[in-house]
Amino acid sequence: MTLASWKRVEAEYARLGEKNLRYTAARANLEAFIWKAPHLEADVAKQIIDEGVMDAMQAVATERNLSGRIKSLFAGEIVNASENRPALHWALRGNGKGIPAADAMYREAEKAAAFARKASSGGLGFPVKTILHIGIGGSDLGPRLIWDALRDYFSDDPQIRFVANVDPEDFAEQTAGLDAKTTLVLVVSKSFKTPETASNAALAREWLVSKLGEAEANNHLAAVSSAPDKARAWGAADDRIFPMDEAVGGRYSVWSSVGLSLQIALGADVWSRFLKGAAEMDVHFRDTPLDHNTPARLAMMDVYVHTAAEVPSRVVLAYAHRLRRLPDFLQQLEMESNGKNAADRPGGRLSTTAPIVWGSVGTLGQHSFHQLLHQGTRESSVEFVAALDVGAGDKARGRALLSNAFAQAEGLLAGRSESAAEKELLAKGMDPAKAKAQSAHMHMSGDRGSTTLLLDDLSPESVGALIALYEHRTFAAGILWGINPFDQWGVELGKVLAEQLDKAIAGEDPGKRDPSTLRLVARARTRG
Ligand code: F6P
């Protein structure tokens, strides 16, 4: 990065690089690396940072005017410069009263809430037992994550089924055994022209018509979109079309009417508790000075880890079945927001920006890719996400989740020397020559950094706070990198090309293209 303050960060990296991570982990001031926020704490004591690094990153935050940018975000000013818009997702959680655009959103949210009440009390003219939620990207990943996180597994309905893929097998799978008479089809698409969603919306309408007839089908449709005309043309009645504000980006939109299926299925109480937890995180991010501001400090750490230390990826390991979709959600949130070239390139080293975010449920990953985390040559910053009440009241199994998460973090940090491995083998009675040979394979370097995000519990408030934390962390990291986290120009090219290639496969002149693509088009044409 070309910032004057970045020189200091590089100097800190050089200083710390000479010591190993165990130096940072043997912290006298442990509490300074446990960062608190509403409903959770971020334990970064095992990360590759220390006070010097964080002081240097504070200087970067000052030079980038992070505090001023946070103020602008919460004042509803234009923070999405390339699209000339504010970003108002936080206001959906309730802290935007008095900002005209936010007040308008509250009025719309009330209409959506009234519809949710109506749908759950049989007011639509049929009992809603299933909501078929159709959307993709930000119109899908947040609702999916929150449905799995907060659904009451022990009550019957309504249930939500999600369809996102343009592959009709997805639609077929999700509608298998579904009774159209008790299904509400909810299409969520800000643009209402995303091809995958448009295709599934058409399939859903055909399915309803085939089961219920033309006259009744439309009664089972509802839509969430910024393009009401298109939703109307699809068949949704005016009072069943709920707007999406242009100032709320798809990946930040679960709090809006994009979460309508959740509002219906989870109920108003759970929904408002979810928003409340997020609103508490908003207040923390808005009002806490940077040196105690957890999302901002996590962002500073991220920029240090992924840019100064050039760790290319972050693996998110959810040690809670309910949070199993968190890695998928974060992939879009972080990579679509900050997977961009930093704007401040001229003259400077090209900054590495958003990490490759990947991951899975931690206990499953342990039996799969954790081998690479412990002994592989490609580094990942590891993020454990757990909750104190994990395990649904089963004390022993909940404890197993926590002990596994903590053990992985400890092992990544401590590693195992060859001599320690040899001793272990000798103690088990192995022949000394064999023990020596085998211990070489058992060596683990250690010194691999990790963060543990520990939620107080898996309540709606805590889950809301967690997602808001990640949103603010992503925003702050974007500011530190010199990126606009609210646009996504990089995804547009593929959409345009797919439209052209669809026509080419159907038989139109493919035009001038690279030979490899032309050959693939020819292959696809053999489908007939
Ligand atoms: O292609 C990316 C994207 O535009 C995302 O940013 C968005 O969340 C998703 O597609 C879905 O868009 P829409 O809600 O307009 O269907």
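These numbers were taken from a predicted model, which means no experiment stands behind them. Note that residues are indexed from 1 along each chain, following the sequence as it is written. It should be noted that, the model being predicted, local features are given only for residues of pLDDT at least 70 and side-chain atom pairs only at 80 or more, the latter also being counted only at that level, while totals for whole chains, interfaces and linings use all residues. Here the side-chain values reflect all heavy atoms present in the structure, with hydrogen atoms and water set aside.

1. Description of the packing of aromatic side chains
Two rings from Phe, Tyr or Trp (for Trp, the six-membered ring) form a pair when their centres sit within 6.5 Å of each other. Planes less than 30 degrees apart are called stacked, planes more than 60 degrees apart edge-to-face, and all others tilted. Applying the stated criterion to the full structure yields twelve aromatic pairs. Where Trp-358 meets Phe-369, the ring centres are 4.8 Å apart and the plane angle is 55°; that geometry is what we call tilted. Of this pair, Trp-358 sits in strand E9 (residues 356–361) while Phe-369 sits in the loop between helix H15 (362–365) and helix H16 (370–375), placing them eleven residues apart in sequence. Each residue gets one of three labels from its accessible area relative to the maximum for its type: buried under 20%, exposed over 50%, partly exposed in between, using a 1.4 Å probe on protein chains only. A relative accessible area of 22% places Trp-358 in the partly exposed class. Seen in terms of ring centroids, Phe-475 and Phe-486 are 5.8 Å apart; in terms of plane orientation they differ by 25°. Their pairing is stacked. Of the two residues, Phe-475 sits in helix H20 (residues 460–481) while Phe-486 sits in the loop between H20 and helix H21 (492–505), which places them eleven residues apart along the sequence. Just as Phe-475 is buried, Phe-486 falls in that class too. Each residue in the set Phe-74, Trp-90, Tyr-252, Phe-285, Phe-475 and Phe-486 is aromatic and connected to the rest through ring pairs, giving one cluster. Strands here are runs of E lasting at least two residues and helices are runs of H or I lasting at least four, both read from the DSSP assignment and numbered beginning at the N terminus.

2. Notes on the site of the ligand
Near residues are defined by distance, with any heavy atom within 4 Å of the molecule or strand qualifying the residue. In the region of the ligand, 14 residues are neighbours, and Gly-138, Ser-139, Ser-189, Ser-191 and Thr-194 sit closest. Contacts to the ligand include Gly-138, whose backbone N or O atom sits 2.7 Å from an oxygen atom. We define a polar contact as two N or O atoms separated by no more than 3.5 Å, with the added condition that, inside protein, one atom must be a possible hydrogen donor and the other a possible acceptor, whereas residues neighbouring each other in sequence contribute only through side-chain atom pairs. Between the ligand and Gln-332, the relevant distance is 3.2 Å, taken from an oxygen atom to a side-chain nitrogen or oxygen of the residue. Coverage of the ligand by the protein amounts to 86% of the 400 Å² it exposes when considered alone. Using a grid of 1 Å spacing that covers the protein atoms alone, one calls a set of points a cavity when a 1.4 Å probe fits there but cannot get out, and a pocket when the set is open and has protein on both sides within 12 Å along at least five of seven lines; lining residues are those with an atom within 4 Å of a point. Any molecule with more than half of its atoms within 2 Å of a cavity's or pocket's grid points is counted as sitting in it. For the ligand, the cavity whose grid points lie within 2 Å of the majority of its atoms is the largest pocket. Polar here means any residue other than Ala, Val, Leu, Ile, Met, Phe, Trp, Tyr, Cys and Pro, which are nonpolar, and Asp, Glu, Lys and Arg, which are charged; Gly is therefore polar. Of the residues assigned to the shell around the ligand, the class counts are two nonpolar, nine polar and three charged. With residues, only the protein chains shown are counted as cover, and all accessible areas are computed by Shrake-Rupley using a 1.4 Å probe.

3. A closer look at the sheet that holds strand E1 (residues 34–37)
We treat two strands as partners when DSSP finds at least two bridges between them. Ordered by their spatial adjacency, six strands build an open sheet running E1-E2-E11-E10-E8-E9, and the pairing between neighbours is mixed. Single-partner strands in this sheet number two, and they are E1 and E9. Going from strand to strand, the sheet's axes swing by 20° on average, the running direction of each strand aside. Sheet topology note: the strand E8 (residues 313–318)/strand E10 (residues 380–387) ladder contains six bridges and is parallel. Bridge assignment links Arg-314 to a residue of E10, and that residue is Ser-381. Whether two residues are in contact is decided by their heavy atoms, any of which lying within 4.5 Å being enough. Every axis in this analysis is a line fitted to C-alpha atoms, fitted for helices over the stretch in contact. Angles between the N-to-C directions lie between 0 and 180 degrees. Running at roughly 140° to E1, helix H13 (residues 294–308) makes contact with E1, strand E2 (40–43), E8, E10 and strand E11 (450–455) of the sheet.

4. Points about the packing of helix H1 (residues 6–18) against H13
With their axes 11 Å apart at the nearest point, H1 and H13 run at an angle of 70° to one another. The angle between H1 and H13 places the two elements in the roughly perpendicular class. Facing Trp-6, Val-9, Glu-12, Tyr-13 and Leu-16 of H1, the residues of H13 in contact are Val-303, Tyr-304, Thr-307 and Ala-308. The scheme is simple: roughly parallel for angles under 35 degrees, roughly antiparallel for over 145, roughly perpendicular for 65 to 115, oblique for anything else.

5. Some words on empty space enclosed by the protein
Grid points are joined across faces, edges and corners, and a volume is the space filled by probe spheres set on the points. Tallied over the full model, the rule gives two cavities of 30 Å³ or more. Of the volumes computed, that of the largest cavity is approximately 100 Å³. Forming the boundary of the largest cavity are 14 residues, of which Glu-379, Ser-380, Ser-381, Arg-448 and Gly-449 lie nearest the centre. The element that contributes the greatest number of residues to the lining of the largest cavity is E10, accounting for three residues. Tallied by class, residues from the lining of the largest cavity come to seven nonpolar, four polar and three charged. There is about 60 Å³ of room inside the second largest cavity. Lining of the second largest cavity is provided by Asp-302, Arg-314, Glu-334, Asn-338, Ala-354, Pro-355, Arg-473, Thr-474, Ala-477 and Trp-481. Counting residues per element, the ones that place at least two in the lining of the second largest cavity are helix H14 (326–338) and H20.

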